[in-house]
Amino acid sequence: MAATINSIFFNDPSIGLLTFTATIFTAFLITIVIVRNSKKRPTTVPLPGPWKLPVIGNLHQLAMNGGYSQPHRRLSELARQYGAADVMSLQLGELPHVVVSTPEAARQVMKTHDLAFASRPAIFAPYILYGGGYNDIAFAPYGEHWRQLRKICTVELLSAKRVQSFRWIREEEVAKLVVRLREAAVELGGRSKYADLLNNNNNNSDEGVDLSRMVGEMTGFVAARAAFGTIRGLNQALLTIVETISDVVAGFRISDLYPSLTFLPALTGFKGKLEKMHQEADSILDAIIHERKSQRQIDHKDYLIDVLLNFDPSQLRFPLTMKVIKAVILEMLLGGNDTSSKIVEWTMSELIKHPKVMQNVQDEVKQAFGEKGNVEEASLHQLKYLDCVIKETLRLHPPGPLLLPRENDEKMELCGYEIPAKTKLFVNAWAIGRDPRYWDKAEEFYPERFIGSSTDYKGNDFHFIPFGAGRRMCPGYDFGMEVVKLTLANLLYHFRWELPGDLKPESLDMTECFGASVGRKYALRVIPVPVQ
Ligand code: HEM
């Protein structure tokens with residue numbers, strides 16, 4: 001047999017040549033595979049980032065230039081300074097952190113490796129506030145609990161149909177805001193068309209109205225009514241909890257940066273404070289649920305709490321316990337309240353700063369609703385330029401500039417770097433929205449850039465991700481954006497806007513204040529002048 005093979009392969013010259021060519025070709029293929037595989041293997045190149053000190057790591061660098069109050073700006077500065085725009089490594093306290101600041105790296109995190117980065121790091125405050133566990137959606141680690149809630153959220157609580165079912169609530173609350181602003185205009189005197197009627201000349205218009213607060217209250221009312229049908233439960237205790245979660249959400253508190261020092265939250269009194277807040281919120285939510293159970297027999301309405309209380313158990317893998325229901329309702333209040341009002345606040349600030357854009361968008365609203373006397377939600381789709389204005393605001397002022405932190409359970413490779421397991425990862429959506437490689441005149445407020453552009457915030461364009469992307473993307477954007485657009489259309493239709501005193505549009509202070517959602521540091525104080 002061996003002799004036969006020998007004679008076939010080596011005695012016939014044509015077959016010998018064939019064999020030689022095949023051997024070279026095979027060796028070539030093997031070399032390519034080896035080279036490719038060696039490229040895929042995690043490199044040992046250290047992650048770029050600033051040098052670290054023992055114990056505190058890079059906390060001191062984060063703190064510089066007001067970094068704690070505006071970490072998205074400081075992190076973007078550091079990434080540029082250390083040539084680590086794609087992926088930057090930081091040691092904050094005892095934990096490894098990674099920050100990605102380019103659309104390409106964001107795509108890697110939220111698309112290519114979305115599953116690997118689908119978990120959330122442990123953050124102390126929500127754990128206590130949500131009843132001694134991550135019973136909610138946003139802070140829950142990736143797993144069965146999160147999957148079930150996320151599905152309930154997208155299919156039931158925040159579906160397009162459900163969002164539409166709350167239109168009457170939005171319209172009522174926005175109409176009330178308009179009435180209050182008209183009343184405020186009268187009180188300011190001298191500047192409104194009612195002033196003559198009332199002979200009210202007490203011109204105290206130096207202060208203007210606190211539009212930030214008024215819009216914040218209104219979006220809170222919309223969220224509360226959608227959640228449990230009434231604003232009665234929306235008292236100070238619940239609002240304080242919602243604000244506390246907002247403050248700690250990024251996980252830059254000492255208790256989150258040194259988790260091994262488990263005694264710290266108790267020692268500083270932080271834990272006790274959170275437990276007290278939780279107990280208060282818990283009893284308020286108990287009372288709301290109790291009242292709602294009997295009220296529903298009368299009004300037959302389906303608010304978010306009703307959907308959760310009456311969920312068909314045969315569709316569930318795990319029962320929806322009262323702890324989980326209360327945590328989800330709190331989260332709906334949090335999501336529905338803060339973010340939408342911040343978008344309205346920033347949009348109005350930018351419009352006031354840019355009178356020409358204000359004029360154009362008011363012309364559009366006037367053209368769409370003319371002499372009707374009111375703005376109907378059903379016709380909002382006509383306001384294409386307003387859409388561009390809102391997108392431009394979201395680009396420059398994403399309410400969650402670092403999104404919500406993610407975590408990888410296992411060691412990973414990202415953009416050629418090795419990311420250790422359990423790294424806390426931030427996507428700097430704020431920096432990405434200002435990346436000059438993607439945005440012409442990136443620092444300018446220029447809504448026209450979106451005219452005729454297909455760029456949207458639905459999680460497919462990684463250079464524009466105010467709602468995140470992938471599995472953990474915000475499920476509430478429809479809910480939020482309906483309120484935003486209706487509110488803005490009404491503010492622009494019913495009023496002209498002036499700044500108090502001698503303040504010039506170009507000098508309007510735009511300093512930010514960091515939390516779960518980034519708002520203005522100083523409330524937006526303006527004078528509404530009724531036009532309809
Ligand atoms: C309109 C303004 C809003 C903005 C800008 C916004 C932004 C965000 C962002 C950036 C995230 C994190 C995404 C990520 O990690 O990739 C998020 C998550 C989330 N948002 Fe929103 N949001 C808004 C409105 C809402 C509303 C109205 C609700 C509910 C009523 C809501 C509920 C949630 C929930 C439950 C999550 C957690 C999702 C998860 O972890 O699976 N959001 N949002």
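Residues numbered from 1 in each chain as written. Predicted model: local features only at pLDDT ≥ 70, side-chain atom pairs only at ≥ 80, totals over all residues. Heavy atoms only, no water.

## A short note on the pairing of strand β1 (residues 87-92)
Within β1, five of the six residues are buried, which leaves the element mostly enclosed by the surrounding structure. Across six bridges, the pairing between β1 and strand β2 (residues 95-100) is antiparallel. Pairing of Leu90 across the sheet is with His97, part of β2. Linkage of β1 to β2, two consecutive antiparallel strands, is achieved through a turn of two residues, within which Gly93 is found at a positive phi near 65°. (Buried < 20%, exposed > 50% of the residue type's maximum accessible area, 1.4 Å probe, protein only. Helix = DSSP H or I, 4+ residues; strand = E, 2+ residues; numbered from the N terminus. Pairing = 2+ DSSP bridges.)

## Quick look at the coordination of the iron atom of the ligand
Of the protein atoms, Cys474 (SG) alone serves as a donor to the iron atom of the ligand, at 2.3 Å. As for its placement among the helices and strands, Cys474 is situated in the loop between α20 (429-432) and α21 (477-494). (Donors = N, O, S within 2.8 Å, 3.2 Å for Na, K, Ca; no water.)

## Here's the deal with the site of the ligand
As a matter of local geometry, the ligand sits amid 26 residues, with Arg120, Trp146, Arg150, Arg472 and Cys474 nearest to it. Between an oxygen atom of the ligand and a side-chain N or O atom of Arg120, the distance comes to 2.8 Å. The contact in question runs from an oxygen atom of the ligand to an N or O atom on the side chain of Arg150, over 2.9 Å. Among the elements of the structure, α7 (144-157), α17 (322-353) and α21 are those that each provide at least two residues to the shell around the ligand. Across the shell around the ligand, the residue classes break down as 15 nonpolar, six polar and five charged. (Near = heavy atom within 4 Å. Polar contact = N/O pair within 3.5 Å; in protein donor to acceptor, adjacent residues only side chain to side chain. Nonpolar A, V, L, I, M, F, W, Y, C, P; charged D, E, K, R; others polar.)

## Examining helix α4 (residues 71-81)
Within the span of α4, buried status applies to Pro71, His72, Arg74, Leu75, Ser76, Leu78 and Ala79. Packing partners of the buried residues in α4 comprise α3 (59-63), β1, β2, α20 and β9 (512-513). Note on α4: the residue one or two positions beyond its end, Gly83, has a positive phi of about 55°. (Contact = heavy atoms within 4.5 Å.)

Shape descriptors only; they carry no functional weight alone.
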